[in-house]
Structure formats: structure tokens, C-alpha cells
Amino acid sequence: MKSCVSGKLPAGITDNHVEFFAQDSQVFAFINGELLHIQQWPREIKDVILADIEKHPKALACLVEADIVEEDEMISQYIRCRYSALDNDPDMINGKLQASEYVDCQLRGTCPYEGRLCDLLKAPYGTLTKREIEVLRLIPEGLLDKEIGDQLGISILTVGVYMKNLREKTGCKNKAELVRFAYLKNLI
């Protein structure tokens, strides 16, 4: 499990917000200062999540297609795919789910439901592609563009195109700002 980005306590520990996260196949939430497993979540929280599932027909179709139709199992998978990044942004405030977040799942790139059940990585000026994320993850290692290209099996010119796209989509001006962006998105 990744730690919180800034070292601050996640939502729900010291406030009345809710922060969801997953560890292995289990889904938990910090609610009113307690760490609760999905079976312990209050009914009103589950009802809000079920209502949100209904508002997202593509996500609902993915759950049904995957034969995930039992209530707690459906809620668990929905939260795992859309809200389980342990970060400093509350997932629920005053009984309202916030915008879904990018979850760095090990199935990225191979999941048939990617982009329909989960969210792609959104930046201020666009959505990052899988390859842009791969390049972004290598920047903090201090690699030169040629070394990034060698590691990914692409040319230095192609790395340059991805770097330009990353700067445009994130609004970052240099590699240091891109590293900060990656850190804030829990990618490193």
C-alpha cells in the first residue's frame, strides 16, 4: 500500500470526511476516525455509492459483464477501481462522492474495463496515455531522454514528443515540475 502523498493524515481520521482505499483484495474506509471494512460501512455511504454506480452506465455495464452483481462485491470493485488511491483528497465530503481519481492498478494496460470502470490519469489540460505515464514514471530516476528511450524501446525523438505532450497536458514547465506532478498523483 502506498503512503499518503504529503505525510498528512488521510481524510476520515480526524474529520468527518471519508477516504477509501484498497489493500490486496480488501476495501476499507476511514470514517469518523475509524478504519472500517466494507461490511462495517454505514448504510447511507453504501447507498450513495450505489446511486453513483447508477449514474455511470458504462461502469455498471462493466460490473455486470464481469458478473459482479452482489451489492457489497459491486461496491467494493467500484471503489477499488475509482476511489482507492490513498491520498489527501477526501473521496466523500458531507455525504457526496467527489470526482473519481486515478488508481494506479497493476492491471493497467491489460484490463478490458480500463477507462470504462476506472478513470484514466487526468491532467489539467488532457488525459495522459499509458506511454506518457511510463515516461513520467522514469523521469524521477534522473535518466536522460536517451536512457528513457532505451528502457522503453523507443527513439530519443519519440521521448521528446512524449515529454512535450506531458508538459502541455500537465502545465509543467520542466522535469522537476513533472516529478512533483507524478508524486502528487501517487505514481512514485
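Our subject is the structure that appears above.
Quick caveat, the model's predicted, so the values are computed rather than measured. (Residues numbered from 1 in each chain as written. Predicted model: local features only at pLDDT ≥ 70, side-chain atom pairs only at ≥ 80, totals over all residues. Heavy atoms only, no water.)

Following the criterion strictly, the structure yields four aromatic pairs and no others. When the ring of F20 is compared with that of W41, the centres are 5.0 Å apart and the planes differ by 45°; the resulting orientation is tilted. Remark: W41 occurs in the loop between β3 (34–37) and α1 (43–55) and F20 occurs in strand β1 (residues 18–23); sequence separation between them is 21 residues. In this structure, F20 and W41 share a single accessibility class: buried. Here the aromatic rings of F20 and Y83 are separated by 6.5 Å at their centres, their planes lie at 65°, and the arrangement is edge-to-face. Of the two residues, F20 is situated in strand β1 and Y83 in the loop between α3 (71–82) and β4 (92–93); the sequence distance between them amounts to 63 residues. Each member of the pair, F20 as well as Y83, is classed as buried. Three or more aromatic residues joined by ring pairs make a cluster, and in this case those are F20, W41 and Y83. (Phe/Tyr/Trp six-rings, centres within 6.5 Å; stacked < 30°, edge-to-face > 60°. Helix = DSSP H or I, 4+ residues; strand = E, 2+ residues; numbered from the N terminus. Buried < 20%, exposed > 50% of the residue type's maximum accessible area, 1.4 Å probe, protein only.)

Turning next to the pattern of salt bridges. With the rule as written, the count across this model stands at twelve salt bridges. For K130, the salt bridge identified is with E134, shortest N-O distance 3.8 Å. You can see K130 and its partner E134 sitting in helix α4 (residues 130–138), four residues apart, about one turn around the helix. The class for E134 is partly exposed, based on a relative accessible area of 24%. As a salt-bridge pair, E132 and K169 come within 2.9 Å of each other at their nearest N and O atoms. Of this pair, E132 sits in helix α4 while K169 is found in helix α6 (residues 156–170), placing the two residues 37 residues apart along the sequence. Relative accessible area serves as the criterion here: at 2%, E132 is assigned to the buried category. Classification of K169 as buried rests on a relative accessible area of 18%. Here the salt bridges share partners, and the residues they tie into one network are R43, D47 and E71. (Salt bridge = Lys/Arg side-chain N within 4 Å of Asp/Glu carboxyl O.)

A separate point is α4. Inspection of α4 places E132, I133, V135, L136 and L138 among the buried residues, and these make up the whole buried set. Contact partners of the buried residues in α4: β7 (126–127), α5 (145–152), α6 and α7 (175–184). (Contact = heavy atoms within 4.5 Å.)

Where α4 meets α5, the axes come as close as 10 Å, and the angle between the chain directions of the two elements is 125°. With respect to each other, α4 and α5 are oriented oblique. The two elements α4 and α5 cross, and the hand of that crossing is right-handed. Of α5, the residues touching α4 (which contributes R131, E134, V135 and L138) are I148, Q151 and L152. Split by residue class, the contact of α4 with α5 holds four nonpolar, one polar and two charged. (Axes fitted to C-alpha atoms, helices over the stretch in contact; angles between N-to-C directions. Parallel < 35°, antiparallel > 145°, perpendicular 65-115°, else oblique. Left-handed = near helix turned anticlockwise from the far one by under 90°. Nonpolar A, V, L, I, M, F, W, Y, C, P; charged D, E, K, R; others polar.)

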